[in-house]
Amino acid sequence: MSNLEWVYGIHAVENALTQQPERVKEVRFQEGREDKKTQRLMQLCKKSGVRFQVVPRKVLDQLFVTSKDRVVHQGVVAQATMTKAKDEADLHKHIGSLEETPLIIILDSITDPHNLGACLRSADAAGAHAVVMPKDKSAPLNATVSKVACGAAESMPVFAVTNLARTMKKLQDQGVWIFGTAGEATDMLYDHDLTIPTAIVMGAEGDGMRRLTREQCDYLVKLPMAGVVSSLNVSVATGVCLYEAVRQRTNKA
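Residues numbered from 1 in each chain as written. Predicted model: local features only at pLDDT ≥ 70, side-chain atom pairs only at ≥ 80, totals over all residues. Heavy atoms only, no water.

For the protein chain, the name recorded in an unreviewed UniProt entry is 23S rRNA (guanosine-2'-O-)-methyltransferase RlmB, with Marinomonas balearica as its organism. Checking UniProt for the protein chain, the heading Sequence similarities (unreviewed entry) contains the comment "Belongs to the class IV-like SAM-binding methyltransferase superfamily. RNA methyltransferase TrmH family. RlmB subfamily." (UniProt positions renumbered as here; feature names shortened; annotations may be inferred.)

Rendered as structure tokens:
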């Protein structure tokens, strides 16, 4: 039972009930909530055969008293089995089976679950084929990630690998070109062809990519920064990079 967590928020619970209801053990609703969204979730519980109950708000609040994050549960929580990341062998099998030109995001040392969730949401929206991250330098796939990702944590293929540099080398052996984002790069992302099999590496805010990760990249690229700030939030930068690839691929089609 250790892989069960309380998933919270209307969108996160709805996605769990619609996409993978078998993951959901129980749903709890806040007393006094009779809005349409709550009624819809109750109907989904009945349709999926998921047990639910209505409880005072303080019962829901108490579920998160030890949480490090500020939890806004919106009057609904679900006890569910969290989605697990797949491993390196699964990644290379997945990439090898693609009929489309691969578009991959590699997240190096993204330890904030809010940033991870937002990156997964952008990756899903842009149609990326995989998100890769190291096992020991990343936020876990937890309830916070699930809420921020708005369903992408469950739908996006996520792979956690032991040795990121080694995994990148194997991706290159599969024909994938790797673009690392770095503020000190001389090339702009927009100057490169992203219609080829592409992996874009996003490093942690502040520290950026680790040395071995950087050395394994085929190219280092950057985004133009016209203002006084030196960098974008990693999830924002991920979205910008992904949609440049989408733009190029759409124009080429």
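A word on the overall build of the protein chain. Counting its regular elements, the protein chain contains 10 helices and 11 strands. Across its three principal axes, the protein chain shows a C-alpha extent of roughly 55 × 45 × 35 Å. By residue count, 49% of the 253 residues in the protein chain fall in the buried class. Put simply, 81% of the contacts in the protein chain that link residues at least 6 apart link residues at least 24 apart. Per element, the accessible surface of the protein chain, about 12,700 Å² overall, is 49% carbon and sulfur. Across the protein chain, 31 positive and 29 negative side-chain charges occur, with their mean positions spaced 6 Å apart. (Helix = DSSP H or I, 4+ residues; strand = E, 2+ residues; numbered from the N terminus. Buried < 20%, exposed > 50% of the residue type's maximum accessible area, 1.4 Å probe, protein only. Contact = heavy atoms within 4.5 Å. Areas by Shrake-Rupley, 256 points an atom, 1.4 Å probe, with all protein chains shown as cover. Lys, Arg positive; Asp, Glu negative; His and termini not counted. Charge placed at Lys NZ, Arg CZ, Asp CG, Glu CD.)

Next up on the list: a nonpolar patch on the surface. Taken together, the side chains of M225, V228, V229, L232 and V236 define a hydrophobic patch exposed on the protein surface, amounting to about 450 Å² of accessible area. By relative accessible area, which is 31% here, L232 ends up partly exposed. (Patch = residues over 30% accessible without salt bridge, like charges linked within 9 Å, V, L, I, M, F, W, Y side chains within 5 Å. Salt bridge = Lys/Arg side-chain N within 4 Å of Asp/Glu carboxyl O.)

With that settled, the discussion passes to the UniProt feature "binding site: S-adenosyl-L-methionine" (unreviewed entry) in the protein chain. Look at the UniProt record and you will see "binding site: S-adenosyl-L-methionine" (unreviewed entry) annotated at G203, L223 and L232. For this annotated set, covering 30 residues, all C-alpha atoms fall within 13.5 Å of each other, a compact arrangement in space. The subset of these annotated residues that lines the largest pocket comprises G203, L223 and L232. On the secondary structure map, L223 appears in the loop between β11 (219–222) and α10 (234–252). Other than its neighbours up to four places away in sequence, L223 contacts M188, L189, Y190, L232, A237, V240 and C241. Among the secondary structure elements, L232 is positioned in the loop between β11 and α10. Excluding residues that lie within four positions of it along the chain, L232 makes contacts with E205, L223, M225 and A237. (1 Å grid on protein atoms, 1.4 Å probe; cavity = no way out; pocket = protein on both sides within 12 Å on 5 of 7 lines; lining within 4 Å.)

Here helix α4 (residues 88–97) crosses helix α8 (residues 164–173) at 20°, and the two axes come no closer than 11 Å. Put simply, α4 runs roughly parallel to α8. You can see that α4 and α8 cross each other, and the crossing is right-handed. Counting all contacts with α4, which are made through E88, L91, H92 and I95, the residues of α8 involved are R166, T167, K170 and L171. (Axes fitted to C-alpha atoms, helices over the stretch in contact; angles between N-to-C directions. Parallel < 35°, antiparallel > 145°, perpendicular 65-115°, else oblique. Left-handed = near helix turned anticlockwise from the far one by under 90°.)

What follows is about the UniProt feature "domain: RNA 2-O ribose methyltransferase substrate binding" (unreviewed entry) in the protein chain. Residues annotated by UniProt as "domain: RNA 2-O ribose methyltransferase substrate binding" (unreviewed entry) correspond here to residues 6–86. The straight-line gap between the two end C-alpha atoms of residues 6–86 is 22 Å; of that span, 36% is helix and 26% is strand.

Our focus in this paragraph is the packing of aromatic side chains. Overall, the coordinates contain four aromatic pairs when judged by the stated rule. With a centroid separation of 5.7 Å and 85° between ring planes, the pair formed by F29 and F52 is classed as edge-to-face. Note that F29 is positioned in strand β2 (residues 24–30) and F52 in strand β3 (residues 51–55), a separation of 23 residues in sequence. Judged by its relative accessible area of 1%, F29 falls in the buried class. Overall, the relative accessible area of 28% leaves F52 in the partly exposed class. Aromatic pair W177 and Y219: ring centres 6.2 Å apart, planes at 25°, arrangement stacked. With W177 in strand β8 (residues 177–181) and Y219 in strand β11, the pair connects residues that are 42 residues apart, well separated along the chain. A relative accessible area of 39% places W177 in the partly exposed class. (Phe/Tyr/Trp six-rings, centres within 6.5 Å; stacked < 30°, edge-to-face > 60°.)

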